[in-house]
Structure formats: C-alpha cells, structure tokens
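So you can see what is in the structure, the chains are spelled out below.
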Amino acid sequence: MKHSDNFSCFIPIYNKDLIFARYINIMKYSVLIVLFFSFSMAIGQSQGDLSPAESSLIIQLKSQKAWDDLLANTQLQKAGVTWKPIGKSFSLYELFTHKDTVEEWKRRLSNAPGVLHVEHVGEVQLRNTEPNDELYSEQWALPLMGAPLAWNELDGARTAMGDEIVVAVLDNGFLVDHPDLENQVWTNPHEIPNNGIDDDNNGFVDDVHGWEFLNDGPDHNAGSHGTPVAGIIGASTNNTEGIAGMAYNTKLMPLTAAANSIPTPEIYKALNYALDQRQKYNSSQGQEGSFVVAINLSLGIDFVFPENYPIWCNLLDSLGKAGVIPVVSTTNSPSLIDSVGDVPALCGTDLQITVTKTTRQDEKDIFEGGYSSNFVHLAAPGQLIQSTSSSGTYGLFGGTSASAPFVSGAVALLYSSPCVEFAERALSRPYETALQVKALILNTTKPLPSLEPITITGGRLDIFEAMKQANVSLCQRDSNSILQFGPSIRINKVYPNPNMGSVQVRFTPITLDPVEVRLYDMVGRLAWEDQLSIQVFEAEDLEFNLPRSLASGTYILELSQEGSRDRTKIIYIP
Ligand SMILES: [Ca+2]
Ligand SMILES: [Ca+2]
Ligand SMILES: [Ca+2]
C-alpha cells in the first residue's frame, strides 16, 4: 500500500499505544489518504509500508516556548512528523518520521531557532561483558586482570583494517575439534585442503590448519599440554560452553611438535612456519600469508644459556622484526634465571615478552617460577587455571605454561584496538608496532610487591589498564615517544590552545631535573627551544612565553626528560 505520511497529521501521537492507534486509523480511513495526497510534504514524499516510528530523532530546545515556536513555524504536523515529550523539565521530545526523511529533518531542525541539539535515537547496550561460558565463574584470573572490562572494547578478532588476528601456538598439539576450540582454529586461507598440492607454496602440502612437525603432516594430536595452553589464549568465549579465552575471538594456529620432549629442529621449523606466514602477509599487504601477531612458547630448556642456542634466539629476533611477539614462559624452577640458565627466556630479544607466574593470592609463587630483573618482564596467573583438556572436557592447569598464554591473548586483544592508523602501521611498520604493543603491556602492569625486585616491570598483567591506554598509546601518540619502556613524561593539557604567546602546560615529569621544551614547525624544523626548571614531582604546571618572532601557525610542542619525550600540537596566534 502506498501512502502519504501526511495523513497522520490528524492523529496526535503522544505515546506508543497511540502510535498503534495511528495504524488502526490508517486502516479505517485509508480511503481518505487519496484526498490528502495533495498536501505536499515539507521535505519530500515517503514510500513503502507505514510502520509506527519508522525512524526517530530526539530534539532538545532552549525552552518550552521555543518548542511552541517551532511547532508554529515548521510544518511538522503537515509532514507527518509526530512526537512525544521525554520528561517535562528539559524541553526534550522524541520525533517520529519516515526513515527516508529523517536526515533532512535532522538537518532542518538543527538549524531552527531555539533548538539546542537534534540527535538520532541510539541503541544502548548493557555493559555486561561477563561471558556466559559455563565455567567462567571458576576463571578467577580473568576478572583479576580486568579481562571482562577489556572485552567492552576489544575482541581480538580483527584489526581496525579487518586483518584477522592470529596467535601461533607452538606446543605439543591441541585438540582441534574440542568444542571450545574448534571454531577458533586458524584456517590457512591460501591452501586448498586434501588436493595433494602445496597451494600457497610454503613447503607444506595441504597445511590447512597449521602443521605437525614430528610426523610431518597436517593432522594434530591432542596434547595434554597444548590443549590447555590454547584454551587459555583463545577458547571460544560467550558460547555457553566451557571456559572463556583471554583473546575472546582470536584465531589459533596450531604448530605441533608432537612430543613432551621436543628436539630443537622441530621448534625451529615451527618458528619458521609462523615467520613465513607473517612475512608474506607484510610484504603482500595481506594478500598472502596470515596476520600472526604472537607466538606462544610455554616451553624451554632449563639450565642452558643463549650461547648454547644462538639459532633459537636468532629466530625469535627475526619473528620480532616481522612483527610477531614471542611470548615465552620462564622455567618453573623458582630460580634466578640469569644464574641457572633458561632458554629461550634468556634470549632477551627486542620483542620477546618473558612471563613468570603468580598465585591465586596474586603473589609471585615462591615455590614455582623463574625470575630475573633483567629478563623476566612480568607475571600472569599460573595456578589453578581452568582450561580446555585433551580429553575434550575441562580441567585445571598450572605453572608458568599457564601464565604466558594470558599474555599472548592480551597481545591479540590489543591488536583489535579500534584505531585505523595503528592497524595500517601494523603492516607498514610491523616491528615498531609490535614494540608499541609490548611497551603498552609492560607499562600497564599491576605493581605487586612480590614481583618488585625480581622482574623487569614488578607487575602482573592488567589487560584492562592496557586497553584503557591503547587508544592514546597505539593510536594518537607519536610512536617514537612510547617505544621505550619505563617511566615516561606525559603532557596532560596545554592551555590556552590556540594561544597568543603565553602558554601553560600541565605535565607529569619523571624527575626533578629541568625539562627540555622544544617547538617544531609542521615540517619538523626546530623553531624554538628552552630548558625550564620544575618544582614538584607530581603533575606540574609549566608556564612560558613563546618568542614574538615566531610566525603564527601550528607547531609541535615537545617536552623531554631523560630520553623520554611527549609531544602535542599547539596553535600560536601572536
Ligand atoms: Ca602449503
Ligand atoms: Ca593443498
Ligand atoms: Ca567457551
């Protein structure tokens, strides 16, 4: 039935029951519609079946009088727009119009006198990210690290540019058809299954879901170690089954070295497999390979040093250069690893993150877990961890092997940050971007006294804190200013901005030493510099005058202390 919205001008609509009444009346008086076709709508004719409140706007006015004036001066009624008040004291109304005309009404009403704001009706989601997985209530470690809050923003599935995020799981295999893992298993998009051909030319025939390196084939065994590791990283989350995984919705690439004691050549082949996937992805801008962002190594050799295994360290370094963060469990022996030896923990490559374990009490486990203020970056829970098991069910898992997967999952989550610039850089500058992600994880750990002297950060993984800072650190900041780990100077506010010469900067210094202030023009030339002393250690206000000789325009203001710097844009209008 074609119709004109004009008709409804005869039916004052003030509540939803009456909207229904509008429907009834339309049916009843449909013959009248023809008569009112001649009413020209103020902003075009609507088509299609009439339904109540096809689309709606909310309008806020300066006063009730403004609303009355609006009604008098616009042809809201004639055009078939209906409304109902929202509350009495704010001059707020919800307007109902046809979806074809809603944008035009929004534009017109926004410009009308006495109108403060016009907005579309939004759908509000309950901020309940606690997943519905059956065993979630037993997964104490996830809320401790703020995972449910981080899941408000991050799901680990894709980058802002749509790249599918993959974590490689180098382990003794995981049960790929486990009900909580089967949907998370990575599928090689460039390999046709079971045709006996190495379609993507990576040296592995029919490697549709990764590779098993002991028997050299595409089928994986169900490792009693690899299965819980995979589940902690990325079990299907919010699927009413089993557990939640840290990475919520990331793909898991099984790289299986099918034994409990794995010869290093198998490890190296697996590292090469992941490296090849990511290098191809980088060089082809996503046309080939896969976007592997981390490789989980809940494994190692105790009582050896990097000089015994330089090739292993070298491969981890190459992975880092390609943008793959190696996440490594330190030994379960409660030892200072610098002294006793631990590979690959001691490789200490740029990108690697080495993890020890904390207990149910959120303390360093004194009975288990290596430590080092030079090589172990942080801790994550590693005791009484509920995860997927190789029998196809669930069970408790523990040790540093349970800790590293939480960090791998966190890396994957951060790559799903809703920032296009970051996602673009992840392909054009994979190494620098991965360094940013590593720095973000390390800079946002929860400080714990028991970790303070014996790890690099003195803290335990806090993914919510990392998520909160991701938008600033990964997205807006000049990447150079956050590549270093450690205390960093922060510009909190510049005012007024634009300014006419006198600038106040509120910032957080890292020492009481003088701060270097520099101004660069938009092509990066130094326009002015000074050194200013500061008074207090907390947030500090710095006030200075820019030279009168400076041309008006936009500049980059940089504050630096001890190699740490922060920058922001300022506009100077002398
Ligand atoms: Ca292949
Ligand atoms: Ca094939
Ligand atoms: Ca689940």
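Residues numbered from 1 in each chain as written. Chains lettered and ligands numbered in written order. Predicted model: local features only at pLDDT ≥ 70, side-chain atom pairs only at ≥ 80, totals over all residues. Heavy atoms only, no water.

### Here we look at the state of the cysteines
Here the structure, examined in full by the defined rule, presents 2 disulfides. Each sulfur in the disulfide pair Cys313 and Cys347 lies 2.0 Å from the other. Torsion about the S-S bond of the Cys313 and Cys347 cystine: about -75°, corresponding to left-handed handedness. Here Cys313, found in helix α9 (residues 310–321), pairs with Cys347, found in the loop between β11 (342–343) and β12 (353–358); they are 34 residues apart in sequence, far enough to count as distant. Grouping residues by exposure puts Cys313 and Cys347 together as buried. Note on cysteine connectivity: Cys419 is disulfide-linked to Cys475, with sulfurs 2.1 Å apart. One quick way to see it: the torsion about the S-S bond of Cys419 and Cys475 is about 85°, and its sign makes the bridge right-handed. (Disulfide = S-S within 2.5 Å. Helix = DSSP H or I, 4+ residues; strand = E, 2+ residues; numbered from the N terminus. Buried < 20%, exposed > 50% of the residue type's maximum accessible area, 1.4 Å probe, protein only.)

### Let's talk about the packing of helix α8 (residues 264–283) against α9
Contact geometry for α8 and α9: axes closest at 10 Å, N-to-C directions at 10°. Relative to α9, the element α8 lies roughly parallel. Judged by the sense of rotation from one axis to the other, the crossing of α8 with α9 is left-handed. Where α8 abuts α9, its residues Thr264, Ile267, Tyr268, Leu271, Asn272, Ala274 and Leu275 lie against Ile311, Trp312, Leu315, Leu316, Ser318 and Leu319. (Axes fitted to C-alpha atoms, helices over the stretch in contact; angles between N-to-C directions. Parallel < 35°, antiparallel > 145°, perpendicular 65-115°, else oblique. Left-handed = near helix turned anticlockwise from the far one by under 90°. Contact = heavy atoms within 4.5 Å.)

### Points about unusual backbone geometry
In this structure, the amide linkage connecting Val343 to the following residue, Pro344, adopts the cis form with an omega of 10°. Positionally, Pro344 belongs in the loop between β11 and β12. Residue Pro498 is bonded to the preceding Asn497 through a cis peptide linkage, with omega at 10°. Relative to the assigned elements, Pro498 resides in the loop between β18 (490–495) and β19 (502–508). At Asn201, a residue that is not glycine, the phi angle is positive and equals roughly 55°.

### Comments concerning a nonpolar patch on the surface
Side chains of Met500, Ile571 and Ile573 sit close together on the surface and give an oily, nonpolar patch of about 300 Å² of accessible area. As for its placement among the helices and strands, Ile571 is situated in strand β24 (residues 564–572). We classify Ile571 as partly exposed; its relative accessible area is 35%. (Patch = residues over 30% accessible without salt bridge, like charges linked within 9 Å, V, L, I, M, F, W, Y side chains within 5 Å. Areas by Shrake-Rupley, 256 points an atom, 1.4 Å probe, with all protein chains shown as cover. Salt bridge = Lys/Arg side-chain N within 4 Å of Asp/Glu carboxyl O.)

### Focus: the pattern of salt bridges
Taken as a whole and judged by the stated rule, the model has 13 salt bridges. For Glu164, the salt bridge goes to Arg158, with nearest N and O atoms at 4.0 Å. Notably, a salt bridge pairs Glu465 with Lys468, separated by 3.2 Å at the nearest N-O pair. In this pair, Glu465 and Lys468 are both assigned in helix α14 (residues 463–476), 3 residues apart and thus about one turn of the helix distant. Glu465 sits in the partly exposed class, given a relative accessible area of 26%. Taken together, the shared-partner salt bridges connect Glu516, Arg518, Glu529 and Glu558 into one network.

### Structural notes on the side chain of Ser417
Following the sequence through the fold, Ser417 ends up in the loop between α11 (400–415) and α12 (420–428). For Ser417, a relative accessible area of 0% corresponds to the buried category. A distance of 2.7 Å separates the side chain of Ser417 from the backbone oxygen of Leu414, its partner in a polar contact. In this structure, Ser417 is in contact with Leu154, Ala160, Ala470 and Leu474, ignoring residues within four places of it in sequence. (Polar contact = N/O pair within 3.5 Å; in protein donor to acceptor, adjacent residues only side chain to side chain.)

### Observations regarding the coordination of the calcium ion (ligand 1)
Protein-derived ligands of the calcium ion (ligand 1) are Glu191 (OE), Asp198 (OD), Asp200 (OD), Asn202 (OD1), Phe204 (O) and Asp207 (OD), with the metal-ligand distances lying across 2.2 to 2.3 Å. Its 6 donor atoms give the calcium ion (ligand 1) angles of 78 to 162° at the centre, a pattern that matches the irregular case. On the primary sequence, the residues serving as donors to the calcium ion (ligand 1) are separated as E-x6-D-x1-D-x1-N-x1-F-x2-D. Here Glu191, found in the loop between β5 (165–171) and β6 (211–212), pairs with Phe204, found in the loop between β5 and β6; they are 13 residues apart in sequence, far enough to count as distant. We note that Glu191, like Phe204, is buried. (Donors = N, O, S within 2.8 Å, 3.2 Å for Na, K, Ca; no water. Tetrahedral: all angles 85-135°; square planar, octahedral: opposite > 155°, others 65-115°.)

### Concerning the coordination of the calcium ion (ligand 2)
The protein atoms that coordinate the calcium ion (ligand 2) are Glu191 (OE), Ile192 (O), Asn195 (OD1), Ile197 (O), Asp199 (OD) and Asp206 (OD), at distances of 2.2 to 2.4 Å. The site at the calcium ion (ligand 2) holds 6 donor atoms, and with the angles between them running 72 to 175°, its shape is octahedral. Ile192 sits in the partly exposed class, given a relative accessible area of 48%. Classification of Asp206 as buried rests on a relative accessible area of 11%.

### Thoughts on the packing of aromatic side chains
Under the criterion given, the structure shown has 15 aromatic pairs. Between Phe204 and Phe213 the ring centres are 5.9 Å apart and the planes differ by 85°, which places this aromatic pair in the edge-to-face class. Residue class for Phe204 comes out buried when judged on its relative accessible area of 14%. Look at Phe213 and you get buried, because its relative accessible area is 2%. Following the ring pairs from residue to residue traces out a cluster consisting of Trp186, Phe204, Trp211, Phe213 and Tyr273. Across the ring face of Tyr495, the terminal group of Lys493 is positioned such that the distance to the ring centre comes to 4.7 Å. (Phe/Tyr/Trp six-rings, centres within 6.5 Å; stacked < 30°, edge-to-face > 60°. Lys NZ or Arg CZ within 6 Å of the ring centre and 35° of its normal.)

### A short note on helix α13 (residues 430–443)
In this model α13 runs 20 Å from its N-terminal to its C-terminal C-alpha over 14 residues, within 8% of the 20 Å that 1.5 Å per residue would give. Regarding α13, the residues found buried are Pro430, Tyr431, Thr433, Ala434, Leu435, Gln436, Val437, Lys438, Ala439, Leu440, Ile441 and Leu442. (Expected span 1.5 Å × (residues − 1).)

### Concerning the sheet that holds strand β3 (residues 92–97)
Read across the open sheet, the 4 strands follow the order β2-β3-β1-β4; overall the sheet is antiparallel. Every other strand in the sheet has two partners, leaving β2 (82–85) and β4 (115–120) as the edge strands with one partner each. Here the average twist between neighbouring strands, direction ignored, is 25°. Here 5 bridges tie strand β1 (residues 55–61) to β4, and the two strands are oriented antiparallel to one another. Paired with Gln60 across the strands is His117, a residue of β4. Packing of helix α4 (residues 102–110) onto the sheet brings it into contact with β1, β3 and β4, and relative to β4 it is tilted by some 165°. (Pairing = 2+ DSSP bridges.)

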